[in-house]
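The lines below spell out each chain.
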Amino acid sequence: MADKYANWEELVSDRDPATGELVNQEGRDWYIEVRPGSGTYLTHMAIHGGGIEAPPQQLADYAAGPGAPFYTFAGIKSSNNTSLHITSTNFDEPQALVHASAADRIVSWHGHADQTAGVAVTYVGGLDTQLGGLIRARLEAAGFLCEDPPGTLGGTDPDNICNRSLRNAGVQIEMSRSQRQAFFANGDLRISQITNPANRTDDFYRYVGAVNQGIADLPVDPDELGLTAVVVNEPTPAVELTVAVPDPLTVQTWTIYRTVAGMDQVVASGAGATLPDGSVWLDPAPPACVLVTYWLELHRTSGGTETASAPPVTYTPAGGCGSGGVVGEQPNVLGCASTYSAVVHWRGGAQPYASLDTLTACSWSRTINDISEASVTIAKGDVSADYCGQLGDVAPWVHELTIYRDGELVWQGPIQRVVMRRDAITLEAADVFSWFDHLVNTFQVRYISVAPDAQGRKRAPITYIAENHIRLNLQAFQLADVDYPGILPYIVRRDTGLFPIKVEKDGSANTTVWTEYLGDILREWAKRGLTWTTVGRSLLLRGRHTTQSRATARLTLDHFAGDIEVIKDGREGGTYGFATSQQGQNISDGRTVGTGRTRTAYGRLDVLVRIQEEDATAADLRSSALDAIAGRYPVPLVINVPDNAQLTSDAPVSIRQLVPGERIDVLADVLCTPIEQGFMLSDVEVSWGQGGEKVGIALIPLAAVDEELG
């Protein structure tokens, strides 16, 4: 069947002749997810995601791994998603073209109809015959049937999206419907089934594993910076890292990182020619049973920066994922960290300045929609006079503090204060969001058009708008070095479930810039559904969780060491929400919209939110009003965790999972009010010292909305 649309512009501009409305609306009918790469990277792409050619999106996403480069255009219509199909040679969606053109290698995932009924077969095509051959060999070795692709599925056209990489070549994986059905229980390829990992079969994981092993088989080009990662069992269970470094004598500093769930952790670093070509390093404590991407960054004496990444690997302990094994167990136990250490880095968090291995005290936190803080204390008696002088030269904003828990990076941000006493030095820091409270916006807030303007502004999910505006202020305005805080590569966006909205505040003549700190602008956009959390160096942008979100963990009262309080908090109750755009003394141009419940047992409990935006539509205001009353009716049941109550070491949640904004369910039947409710994690407080490690959390009810319309 011929495509309905010849290119991207036709797809996004198609309108219903009867109503004039867009036929294909972002957020309702389709969405785009992009995880950007930095330096030289391999990316997995699924341009026919969602229900267009189910399930290449899920395979490509899992193959890439959390936080690694990835792109998908996904159809989410209730039916007829195939109408969104644009053939690979004509696929010219702007974000896809930018993402592909910056990639060193591309693996593009697709589905095709069975050429022979009931035969599960894969066609591996594309102009990157080297990588394609390695992937095909691994798939065949794993028992999957591969054949030479017919002409229409060969992926050899230079205009094919898979061949738009820096090499002008890529790999196209075409899977028959029978092959794709083998990846899910009962062969069910409906969106509701393929989006649930519980429905995946062993073939799903064997197939992706074979593709990733084929990628790992790529030889390292001695003329290029390279890094390979292989799981080994001898001499100890570990991940073996082999580097290829041309001209090692010109290296000034280097760092090997691992990226887990979007968070970067330092494995090894050094200065000067201490990374010879062909050298081998071991990561003796890789996280168990999760995809990990290793990458290398080095700075040349010429001032240049180079990066290289290895395909993702997964370490599995000898006893299986439930055992923990030799490695990977300790970081997942709360309250039992054996070692805390810290490193002072130069601004940007990459180049080390000083290691802090003898801490006497350490504390750090994570929070939602705010700035988290951390501090470390070093006794002067534990360091030499020269080292003490080096610490004395640490300067706020010039240096950053990085904290490691049993070797795993858990917190990073710019140092705010250096407190020197006779017997100790304390370094106090705030997370990377604090840069935005010292950055004045210099770009118009004008996200109103369907198509993006030259600066990327368009109607979009609030997460896209936030990321784009951060990018403009850090990259496009030349008052300072581009991205001087080193934040842009670490922004992680989750747009799922968010709809495109209009955001505008640029003066009546549409020419005025909103002069305000960028941090305060992002806080204002929390009223439009934005939430953020800083984890390590990563800034996670997303919408609010609801009662439909999946829980990260389920806790009982036995998982809290100490008493907890369950409070029916009438102060936070609300039955009806109002959102208004009235500003200042002149309120004639303002608009107010209300929604919620009427005639309740509580009487009337109104909640008012003010939107700092011109020309806010009724839909904009209603959305904000709904957010304002979320979780307030009935009056919320709040769990308060007093200062002396901590999570126990056997709580079924790891430090990595304690990310504010995630859902945690709590069950309790020993109270006068039984609890079986979903909560959102709002804060994490961790302290470590002579008394050991203490991990405390704060929980608030999920943002469920109850309204009465009509």
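Just so you know, these numbers come straight off a predicted model, no measurement behind them. (Residues numbered from 1 in each chain as written. Predicted model: local features only at pLDDT ≥ 70, side-chain atom pairs only at ≥ 80, totals over all residues. Heavy atoms only, no water.)

Before going further, it helps to examine the overall build of the protein chain. Summing up its helical and strand segments, the protein chain has eleven helices and 38 strands in all. With the model as given, the accessible surface of the protein chain reaches about 30,200 Å², and the carbon-plus-sulfur share is 50%. (Helix = DSSP H or I, 4+ residues; strand = E, 2+ residues; numbered from the N terminus. Areas by Shrake-Rupley, 256 points an atom, 1.4 Å probe, with all protein chains shown as cover.)

Among the five residues in strand β26 (residues 531–535), five count as buried, and that is most of the element. Across the two faces of β26 the burial is the same, with Thr531, Thr533 and Val535 and Trp532 and Thr534 all buried. With antiparallel pairing between neighbouring strands as the criterion, β26 and strand β27 (residues 538–542) make up a hairpin whose turn holds two residues, including Gly536 at a positive phi of roughly 65 degrees. (Buried < 20%, exposed > 50% of the residue type's maximum accessible area, 1.4 Å probe, protein only. Pairing = 2+ DSSP bridges.)

Our focus in this paragraph is the sheet that holds strand β24 (residues 491–494). One open sheet holds the three strands; their spatial order is β24-β27-β26, and the pairing between them is mixed. The open sheet is flanked by β24 and β26, the only strands paired with a single partner. The average undirected angle you get between the axes of adjacent strands in this sheet is 20 degrees. Alignment of β26 against β27, held across five bridges, turns out to be antiparallel. The residue of β27 that forms the bridge with Thr533 is Leu540. Against the sheet, helix α9 (residues 462–476) makes contact with β24 and β27, and its axis sits at roughly 160 degrees relative to β24, the strand it touches most. (Axes fitted to C-alpha atoms, helices over the stretch in contact; angles between N-to-C directions. Contact = heavy atoms within 4.5 Å.)

Looking now at the sheet that holds strand β12 (residues 280–283). In space, the three strands of this open sheet follow the order β8-β9-β12, with antiparallel pairing throughout. Lying at the two open borders of the sheet, with one neighbouring strand each, are β8 (226–232) and β12. Geometrically, the sheet is characterised by an average inter-axis angle of 25 degrees between neighbouring strands, direction not taken into account. Looking at chain direction, β8 and strand β9 (residues 238–244) are connected through seven bridges and run antiparallel.

With that out of the way, let us pick up the pattern of salt bridges. A complete count under the given rule lists 24 salt bridges for this structure. As a salt-bridge pair, Arg35 and Asp61 come within 2.9 Å of each other at their nearest N and O atoms. With Arg35 in strand β1 (residues 30–35) and Asp61 in helix α2 (residues 56–64), this pair connects stretches of sequence that are 26 residues apart. Of the charged contacts in the structure, one is a salt bridge between Arg190 and Asp188, with a shortest N-O distance of 2.8 Å. Bridged by salt links that share partners, the residues Arg28, Asp29 and Lys77 form one connected network. (Salt bridge = Lys/Arg side-chain N within 4 Å of Asp/Glu carboxyl O.)

All right, on to the packing of aromatic side chains then. Enumeration over the complete set of coordinates arrives at 23 aromatic pairs. Both rings, one in Trp8 and one in Phe73, keep their centres 5.2 Å apart while their planes meet at 85 degrees; by these two values the pair is edge-to-face. Separated by 65 residues along the polypeptide, Trp8 in helix α1 (residues 8–13) and Phe73 in strand β3 (residues 70–75) bring together distant segments of the chain. Trp8 gets classed as buried once you look at its relative accessible area, which sits at 10%. Where Tyr257 meets Trp295, the ring centres are 4.4 Å apart and the plane angle is 15 degrees; that geometry is what we call stacked. Pair noted here: Tyr257 is in strand β10 (residues 251–260) and Trp295 is in strand β13 (residues 291–300), with a separation of 38 residues, a long-range link. Judged on exposure class, the residue Tyr257 and its partner Trp295 are both buried. In this structure, Lys458 is placed above the aromatic ring of Tyr464, and the distance from its NZ or CZ to the ring centre is 5.0 Å. Sitting above the plane of the Tyr490 ring, Arg537 keeps its charged end 5.8 Å from the centroid. (Phe/Tyr/Trp six-rings, centres within 6.5 Å; stacked < 30°, edge-to-face > 60°. Lys NZ or Arg CZ within 6 Å of the ring centre and 35° of its normal.)

In this structure, Leu356, Leu359, Trp364, Val376, Ile403 and Leu658 are the most contacted members of the largest nonpolar core, which totals 41 residues. No other element matches strand β37 (residues 675–689), which puts five residues into this core. Counting 32 residues, the second-largest nonpolar core is a separate cluster that includes Leu439, Ile491, Leu518 and Leu541. (Core = buried A, V, L, I, M, F, W, Y, C linked by side-chain atoms within 4.5 Å.)

Moving on to the packing of α9 against helix α10 (residues 518–525). Any two packed helices are characterised by the angle at which their axes cross and by the distance between the axes. Across the interface, α9 lies against α10 with an axial gap of 11 Å and an inter-helix angle of 175 degrees. Taken together, α9 and α10 sit at an angle that is classed as roughly antiparallel. Between α9, through Ile462, Ile465, Ala466, His469, Ile470 and Asn473, and α10, the contact on the second element is made entirely by Leu518, Leu522 and Trp525. In terms of residue class, the contact of α9 with α10 is made up of seven nonpolar, two polar and no charged. (Parallel < 35°, antiparallel > 145°, perpendicular 65-115°, else oblique. Nonpolar A, V, L, I, M, F, W, Y, C, P; charged D, E, K, R; others polar.)

Those residues of helix α3 (residues 94–101) that sit buried are Ala96, His99 and Ala100. Taken down its axis, α3 places every buried residue within 95 degrees of arc, on the same side. Sitting at the amino-terminal end of α3 is Glu93, which places a side-chain oxygen 3.0 Å from the backbone nitrogen of Gln95. (Arc of directions from axis to C-beta. Polar contact = N/O pair within 3.5 Å; in protein donor to acceptor, adjacent residues only side chain to side chain.)

Residues separated by three or four positions in an α-helix point in the same direction, a consequence of the helix having 3.6 residues per turn. In terms of residue burial, α2 counts as a mostly covered element, since seven of its nine residues are buried. Residues of α2 that are buried: Pro56, Gln57, Gln58, Leu59, Ala60, Ala63 and Ala64. Following α2 by one or two positions, Gly65 adopts a phi angle in the positive range, close to 90 degrees.

Of the consecutive residues Ala54 and Pro55, the connecting peptide bond is found in the cis state with omega at 0 degrees. Take Pro55: it is sitting in the loop between β2 (42–50) and α2. Of note in this structure, Asn80 is not a glycine but carries a positive phi near 60 degrees. For Asn80, the position within the fold is in the loop between β3 and α3.

Of the residues in the protein chain, 87% reach a pLDDT of 70 or more, and the chain-wide mean stands at 83. Confidence over residues 322–333 falls short of pLDDT 50; this stretch has 30 contacts with residues more than four positions distant or in other chains. (pLDDT = per-residue confidence, 0-100.)

Another point: the packing of helix α4 (residues 129–141) against helix α7 (residues 202–216). Direction vectors running N to C along α4 and α7 enclose 140 degrees, while the axes themselves pass 8 Å from each other. It follows that α4 is oblique to α7 by the angle criterion. The crossing of α4 and α7 is right-handed. Of the residues in α7, those in contact with Leu131, Leu134, Ile135, Arg138 and Leu139 of α4 are Tyr207, Ala210, Val211, Gln213, Gly214 and Ile215. (Left-handed = near helix turned anticlockwise from the far one by under 90°.)

Okay, the environment of Gly381 next. Within the secondary structure, Gly381 is located in the loop between β19 (373–379) and α8 (385–392). Spatially, the C-alpha atom of Gly381 lies 10.0 Å from that of Arg422, the residues being 41 residues apart in sequence.

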